[in-house]
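Letter by letter, the chains look like this.
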Amino acid sequence: MEPLLQVRGLKQHFPIHSGAFRKVVGHVRAVDGIDLTVYPGETVGIVGESGCGKSTTGRTILRLVEPTAGEVLFNGKDLAKLKKEEMRQMRKDIQMVFQDPYASLNPRKTIKQILLESLEVHGIGTSKERLKTIEEIIEVVGLQKEHLDRHPHDFSGGQRQRIGIARALVLKPKLIIADEPVSALDVSIQSQILNLLKDLKKEFDLTLLFISHDLSVVKHLCDRVAVMYLGRIVEIADKRKLFENPSHPYTQALLSAVPKANPKAKRERIILTGDLPSPANPPSGCTFHPRCRYATEACKTTAPQLQEVGEGHMVSCHHYKEVLSTV
Ligand code: SF4
């Protein structure tokens, strides 16, 4: 099967300016060389702590910010080389759902205006057809036609996220990048939104790139999971392999914080010491070494490469065998 999305060597380095002449004195390496392939119909999760670069990865894929380096291929086409009209089409095919639906919905517009906007920008259908489309979509996401005449502030957080999802769906995209879509919601509402995304994925034949700091949320929804640390993917595998055989110490630590289905099952909680280092000044060698309980002298000087340790299971750690033996 041909991939829907291929990301190769993607980098997003933001310059740091200083002084009266705003001289560039360094770079924040928010995304530092990511390779990722997503196949049609898959849900791929990107997880990591806040500040690891996962949201910037999503935005850079969509070219909301221009990448510093690397390629993003969608349906085999390099997005950087698309002509204006092709780029417009691509924007229709890749939609984003944001973390804070309230901030991303114009408070002065009605839901009808918000949903019609994308269809109008892309010149899709007659005004009658557009109205029919948004009336259908609003019901698909669990709201009613009557809600179309209200404003964003008339809705709860969960309802606003349903509107955010409706806005993404209205153009019938192929890929949705969902950036922490449930992290601002109450736990009870989170599962409703996750179940909605699961149902819509089937109904609309969607591919999802799901960005989250929460592995238990990712477990609920994703087929494959990429774990990010300081701008890089440190482990990627299908969900079952990742949860059963975490082979990177960082993945192990994240997993140890996920509540188990059986509360009597024992699992050592691994507390990560220290904060996430600054991406403006990443540690030498393996960037995880200051926080890693398996770190050796070699880890401080030599950066590990992402290597295949099983079918579709890639890990970037010098000592992954030792790490795996402790699972
Ligand atoms: Fe830890 Fe070394 Fe593996 Fe990095 S390479 S994760 S420091 S054991």
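All figures in this text were calculated on a predicted structure; none of them were measured in a lab. (Residues numbered from 1 in each chain as written. Predicted model: local features only at pLDDT ≥ 70, side-chain atom pairs only at ≥ 80, totals over all residues. Heavy atoms only, no water.)

### Some details on empty space enclosed by the protein
Note the cut-off: Only protein atoms enter the 1 Å grid used here, on which a cavity is any set of points holding a 1.4 Å probe that cannot leave and a pocket is any open set flanked by protein within 12 Å on both sides along at least five of seven lines; residues with an atom within 4 Å of a point are listed as lining. Grid points are joined across faces, edges and corners, and a volume is the space filled by probe spheres set on the points. For this classification, the nonpolar set comprises Ala, Val, Leu, Ile, Met, Phe, Trp, Tyr, Cys and Pro, the charged set comprises Asp, Glu, Lys and Arg, and every other residue, Gly included, is treated as polar. Helical segments are the DSSP runs of H or I of at least four residues, strand segments are the runs of E of at least two, and each set is numbered from the N terminus.
Applying the stated criterion across every chain yields a total of three cavities of 30 Å³ or more. Taken as a whole, the largest cavity spans an internal volume of roughly 90 Å³. Classifying every residue of the lining of the largest cavity gives nine nonpolar, four polar and no charged. Of the voids in this model, the second largest cavity is the one considered here, and its volume is about 50 Å³. With three residues, strand β8 (residues 207–212) is the single largest residue contributor to the lining of the second largest cavity. Its residues placed into classes, the lining of the second largest cavity shows five nonpolar, four polar and two charged.

### Remarks on the layout of surface pockets
Approximately 540 Å³ is the volume found for the largest pocket. If you go around the largest pocket, you meet 28 residues; those closest to its centre are Gly33, Asp35, Ile233, Leu306 and Ser316. When residues of the lining of the largest pocket are traced back to their parent elements, those giving at least two are β1 (5–18), β2 (23–38), β9 (224–229) and β10 (232–238). The dominant element in the lining of the largest pocket, judged by the number of residues it contributes, is β2, at six residues. Per-class residue counts for the lining of the largest pocket are 14 nonpolar, nine polar and five charged.

### Details of unusual backbone geometry
For Arg63, which is not glycine, the phi torsion reads 65° and is therefore positive. Considering the arrangement of structural elements, one finds Arg63 in the loop between α1 (54–61) and β4 (69–74). Within the chain, Lys172 stands out as a residue other than glycine whose phi angle is a positive 50°.

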